[in-house]
Amino acid sequence: MAGGGGRNWRLVRADTDAVPSSVRRFMARARQRRLQAALPWAVGLGVLLVIGGLLYMVYATPVLGVREVRVVGADTLSTAQVEQAAAVTMREPLARMDLDAIRDRVQSLPAVDHAVVSRSWPAAVVVEVVERTPVAAVRAGKQFTLVDGEGVPFRTVERKPSGIPLAALAAPGPDNVETKAMLTVLGSLSEELRDQLLQISVPAPARIELSLRKDRTVIWGDDSESETKAQVSTALLKKKGDTIDVSAPAVVTIR
């Protein structure tokens, strides 16, 4: 054949009108299914990126870092003393603060009975302090050592606070037997006895004495049967006599 006898092929793009409508619908549905299948993955990826960004901002940047230490409940302690003990690193991310470590450092202060530490978003650490309450004062030279209800000596002051008795103790402390005996007796006293009490002397666990107003003395003995001894002593306050002996509450003497 002339011209080499070969065939020349030429690709011609068909107009969309040339594609049957059924095929077009099929192709559209296929694209829609692909988009629907990809959408959850795209949304999930976006959410992960947002969460990752937020976590990075909260835990690794100073955007939500500590800018304030708020002290609550301090009375005899100053705010500066509590802040110094807390030793909070300013601008460190609030989310990464070791609250237990801060609490332990604050509770190391002798005057602190316990502390609660919490976060206050966006930028504060709150330190709530409960100070020890004195129940007696032990003379220490010209000063006074305050002892709380657990027998812990926690503060030395120039003057004895009003409303608490003196305690004659050689070595006050939570593990000291004389201190424990004193606390048992103080915990059993009636309001009337407590109002009149000036000093409790415990030279030995079995030789407890109470010094009251108007130069009256209650010989208590040991700390056993303290509730009964307190009731008997309170009743005998109306009787005449400078010395009330309730060391054996079944056989009481007053002279």
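It should be noted that the structure appears before, not after, this text.
1. Thoughts on the overall build of the chain
Regarding its fold elements, the chain presents six helices and 12 strands. Looking at the 255 residues of the chain, the share that counts as buried comes to 34%. Within the chain, residue pairs in contact and separated by at least 24 positions form 43% of the contacts whose partners lie at least 6 positions apart. When the accessible surface of the chain is split by element, carbon and sulfur atoms take 55% of a total near 16300 Å².

2. Regarding the nonpolar core
V88, M97, I102, V106, V125 and V127 are the most contacted members of the largest nonpolar core, which has 28 residues in total. At the level of elements, β1 (68–72), α2 (79–86), α3 (99–107), β2 (112–120), β3 (124–131), β5 (143–148) and β6 (153–157) are the ones that each hand at least two residues to this core. Ignoring sequence-local partners within four residues, the contact set of V88 consists of V66, V69, M97, I102 and V125. If you look at the next biggest cluster of nonpolar residues, it comprises 24 residues, including L186, V202, A230 and L237.

3. Focus on the pattern of salt bridges
Summed over the entire model, instances satisfying the criterion amount to seven salt bridges. Between R103 and D100 there is a salt bridge, with the nearest N and O atoms lying 3.5 Å from each other. Remark: D100 and R103 occur in helix α3; sequence separation between them is three residues, near one turn of the helix. The class for D100 is partly exposed, based on a relative accessible area of 46%. One salt-bridge network, in which partners are shared between bridges, spans D113, R132, D148 and E150.

4. Structural notes on the side chain of K229
Tracing the chain through its elements places K229 in helix α6 (residues 226–236). Beyond its immediate chain neighbours, meaning those up to four positions away, K229 contacts W220, G221, D222, S224, V246, S247 and P249.

5. Side note on the pairing of strand β10 (residues 216–221)
Where burial is concerned, most of β10 is hidden: five out of the six residues are buried. Across five bridges, the pairing between strand β9 (residues 208–212) and β10 is antiparallel. When the bridges of β10 are listed, E209 appears paired with I219. Count of turn residues in the β9/β10 antiparallel hairpin: three residues, of which K214 carries a positive phi of about 60 degrees. Note that β10 and strand β11 (residues 243–245) share three bridges and pair parallel. Opposite T217, over in β11, you have T243 as the bridge partner. Handedness of the crossover is the feature at issue here: the chain leaves β10, passes through α6, returns alongside β11, and the resulting connection is left-handed.

6. A closer look at the layout of surface pockets
Reported here for the largest pocket is a volume of approximately 310 Å³. Together, 14 residues line the largest pocket, and G163, I164, P165, R194 and L197 are the ones closest to its centre. Every element with two or more residues in the lining of the largest pocket is listed here: α4 (177–188), α5 (191–196) and β8 (197–201). In terms of residue count, α4 provides more of the lining of the largest pocket than any other element does, three residues in total. Classifying every residue of the lining of the largest pocket by side-chain character gives eight nonpolar, two polar and four charged.

7. Describing the packing of α4 against α6
Contact pair α4 / α6: the axes reach a minimum separation of 8 Å and the direction vectors enclose 50 degrees. Taken together, the axes of α4 and α6 are oblique relative to one another. α4 and α6 meet at a crossing whose hand is right-handed. Counted together, T184, V185, G187 and S188 of α4 and S226, E227 and A230 of α6 form the full contact between these two elements. The class makeup of the residues in the contact of α4 with α6 is two nonpolar, four polar and one charged.

Quick notes on the rules
Residues numbered from 1 in each chain as written. Predicted model: local features only at pLDDT ≥ 70, side-chain atom pairs only at ≥ 80, totals over all residues. Heavy atoms only, no water. Helix = DSSP H or I, 4+ residues; strand = E, 2+ residues; numbered from the N terminus. Buried < 20%, exposed > 50% of the residue type's maximum accessible area, 1.4 Å probe, protein only. Contact = heavy atoms within 4.5 Å. Areas by Shrake-Rupley, 256 points an atom, 1.4 Å probe, with all protein chains shown as cover. Core = buried A, V, L, I, M, F, W, Y, C linked by side-chain atoms within 4.5 Å. Salt bridge = Lys/Arg side-chain N within 4 Å of Asp/Glu carboxyl O. Pairing = 2+ DSSP bridges. Right-handed = clockwise from strand over helix to strand, strands pointing away. 1 Å grid on protein atoms, 1.4 Å probe; cavity = no way out; pocket = protein on both sides within 12 Å on 5 of 7 lines; lining within 4 Å. Points joined across faces, edges and corners; volume = space filled by probe spheres on them. Nonpolar A, V, L, I, M, F, W, Y, C, P; charged D, E, K, R; others polar. Axes fitted to C-alpha atoms, helices over the stretch in contact; angles between N-to-C directions. Parallel < 35°, antiparallel > 145°, perpendicular 65-115°, else oblique. Left-handed = near helix turned anticlockwise from the far one by under 90°.

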